[in-house]
Amino acid sequence: MLSMAYFPIINSAGNVYKSIKGYFSVAIQEDLHEGEKIVLETHPHRWVYASWYAVGVVLLFSVYGLFIGMPYLAFGALIGLLVIIIAGFLRRADKYYITDKRVIHEYRMITRKVSSAFYSKIQDLHFTQNLFERLMGIGTVHINTAGGAEVEISFKGITPAVKRVIEEHVGKHHEHI
């Protein structure tokens, strides 16, 4: 059993590793039911924000303006750095938790939004990938629950291994019903 200070995270290659519980992990503890344990904690892969990072890097190259006598171009480098930092914060603001009883999506930037679905309510689970996501080995898991025609929860930028973990828990729960 893992100690309370660590949660397993699945990286882009689908490997499970430990991560030290940080700032974003503390708040979710308030939302867990008595006896509920987090099985997996992850967030969108950095490739989900590839366009943000690409724009930031291109703008960072504008620092070259200092060397060619156009210092006002260097302002673009500051904006590029800001874009990269914002992308990092946005990525870390999305957290996905798989517990022994349900799946939870928490978005926490300035405000906080928590959506969850108990395994007993999950009716449909599917995984979508566009061409870029297929090349990067990531995709989106869409979770539909009973009583709703729309996708209730989506986990963006995750590996197929995360979907398999959710399917295992849904299967175990539906066997007990």
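As a starting point, this report considers the structure included with it.

Reading guide: rules and limits
- Residues numbered from 1 in each chain as written.
- Predicted model: local features only at pLDDT ≥ 70, side-chain atom pairs only at ≥ 80, totals over all residues.
- Heavy atoms only, no water.
- Helix = DSSP H or I, 4+ residues; strand = E, 2+ residues; numbered from the N terminus.
- Buried < 20%, exposed > 50% of the residue type's maximum accessible area, 1.4 Å probe, protein only.
- Contact = heavy atoms within 4.5 Å.
- Areas by Shrake-Rupley, 256 points an atom, 1.4 Å probe, with all protein chains shown as cover.
- Patch = residues over 30% accessible without salt bridge, like charges linked within 9 Å, V, L, I, M, F, W, Y side chains within 5 Å.
- Salt bridge = Lys/Arg side-chain N within 4 Å of Asp/Glu carboxyl O.

When helices and strands are tallied, the protein chain shows five helices and nine strands. Traced from its N-terminal end to its C-terminal end, the protein chain shows the element sequence β-β-α-β-α-α-β-β-β-β-α-β-β-α. When each of the 177 residues of the protein chain is scored for burial, the buried share is 38%. Put simply, 51% of the contacts in the protein chain that link residues at least 6 apart link residues at least 24 apart. On the protein chain, roughly 10,500 Å² of surface is accessible, and the fraction owed to carbon and sulfur atoms is 62%.

On the surface, Val57, Leu60, Phe61, Leu81, Ile85, Phe89, Met109 and Ile110 cluster together into a nonpolar patch covering about 800 Å² of accessible area. The set of elements that each furnish at least two residues to the nonpolar patch consists of α2 (50-60) and α3 (74-93). Sort the elements by how many residues they give to the nonpolar patch and α3 lands first, with three residues. Inspection of the secondary structure assignment puts Met109 in the loop between β5 (102-108) and β6 (112-118).

Purely geometric numbers; function is a separate question.
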